[in-house]
Amino acid sequence: MRVIGLTGGIACGKSTISAALREMGAVIIDGDVLSRELTVPGGPALPAIREQFGDGVFLPDGVLDRRALGAVVFGSDQARECLDGIMQPMLRRMILEGIENARASGAALCVLDMPLLYEAGLDVLCDRVWCAWIPRETQIARLMARDGFTCDEAEARLRSQLPAEQKAARADVVIDTSGAIQYTMDRLPTLFQEELRQDV
């Protein structure tokens, strides 16, 4: 089984690529989905988050206030490192379990859909890395339009990740998603088949 890391900066179109690969038969391990599982009501990460960041990042009903937590961690490197220290060990265990489950199921390709693939050192689990890429100004515009962020909020989130150019420079395959979505979709079947051939 091939393990492909799929990464890219926020709002770079990574989720669109991931969804297309799922349709082609790849098993997808989605870092954002796993993070949400850890932080839903009753999630295993919540006690440590409350201990470190206080009641102010929770709503009155005990649900995590993601916007409030984001304001804290994206405004402070120390706070972000603290959150990563809580989340990353749990995520890594879930990812390793997901890879083993995919292998046991007979899957030919497993994709780690991870925005922080390099930052968390998860690239070592991968045979190759794909990176979705767009210019920074397009990234900011998409993020503001998609999530309703101000320019400052969008910039803060970009600063929390490796720059898209650095991710692209380290990746084995770079997919430019700044153009028409059909252009991106047309490239994927060929890339997918190339990976399967590598495993023969």
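Shown above is the structure to which this text applies.
A short tour of the structure in this document, coming up. Just so we're clear, the structure is a prediction, and the values are computed from it rather than from any experiment.

At Ala-11, a residue that is not glycine, the phi angle is positive and equals roughly 70°. Residue position: Ala-11 is located in the loop between strand E1 (2-8) and helix H1 (14-23).

Right, let's get into the environment of Asn-101. Along the chain, Asn-101 turns up in helix H5 (residues 77-104). Given a relative accessible area of 47%, Asn-101 falls into the partly exposed group. Separated by 25 residues in sequence, Asn-101 and Cys-126 place their C-alpha atoms 16 Å apart.

The subject of this paragraph is the nonpolar core. Core analysis: the biggest nonpolar cluster contains 34 residues, and Ile-29, Ile-49, Phe-53, Ile-95 and Leu-112 have the highest contact counts within it. For this core, the secondary structure elements donating two or more residues are helix H2 (31-39), helix H3 (46-53), helix H4 (66-73), H5, strand E3 (109-113) and strand E4 (128-133). It is H5 that provides the largest number of residues to this core, a total of nine residues. The contact partners of Leu-112, leaving out residues within four places of it in the chain, are Val-3, Ile-4, Gly-5, Leu-6, Ile-29, Ile-95, Ile-99, Leu-117, Leu-122, Leu-125 and Cys-126.

Right, let's talk about the packing of H2 against H5 for a bit. Packed helices, taken two at a time, are described by the angle their axes make and the gap between the axes. Where H2 meets H5, the closest approach of the two axes is 10 Å, and the angle between their N-to-C directions is 120°. Judged by the inter-axis angle, H2 sits oblique to H5. Considering how the two elements wind past one another, H2 and H5 form a crossing that is right-handed. Listed contacts from H5 to Gly-31, Leu-34, Ser-35, Glu-37, Leu-38 and Thr-39 of H2 are Met-87, Met-90, Leu-91, Met-94 and Ile-95.

Criteria and thresholds
Per-chain numbering applies: the sequence of each chain, read as written, is numbered from 1 onward. Where totals are concerned, whole chains, interfaces and linings use all residues; where local detail is concerned, this predicted model gives features only for residues with pLDDT of at least 70, and gives and counts side-chain atom pairs only at 80 or more. Computation of side-chain values covers all heavy atoms of the structure but excludes hydrogens and water. Each helix corresponds to a stretch of at least 4 residues labelled H or I by DSSP, and each strand to a stretch of at least 2 residues labelled E; elements are numbered beginning at the N terminus. A simple rule labels every residue: compare its accessible area, found with a 1.4 Å probe on the protein chains alone, to the largest value its type can have, and call it buried under 20%, exposed over 50%, or partly exposed in between. Among buried residues, the Ala, Val, Leu, Ile, Met, Phe, Trp, Tyr and Cys ones that are joined through side-chain atoms within 4.5 Å form a nonpolar core. Residue contacts are defined here by distance: any two heavy atoms, one from each residue, within 4.5 Å place the two residues in contact. Interaxial angles span 0 to 180 degrees and are taken between N-to-C directions of axes, which are lines fitted to C-alpha atoms, for helices over the stretch in contact. For classification purposes, an angle smaller than 35 degrees is called roughly parallel, one larger than 145 roughly antiparallel, one from 65 to 115 roughly perpendicular, and anything else oblique. Crossing handedness: left-handed means the near helix sits turned counterclockwise from the far one by under a right angle, and right-handed means the same turn made clockwise.

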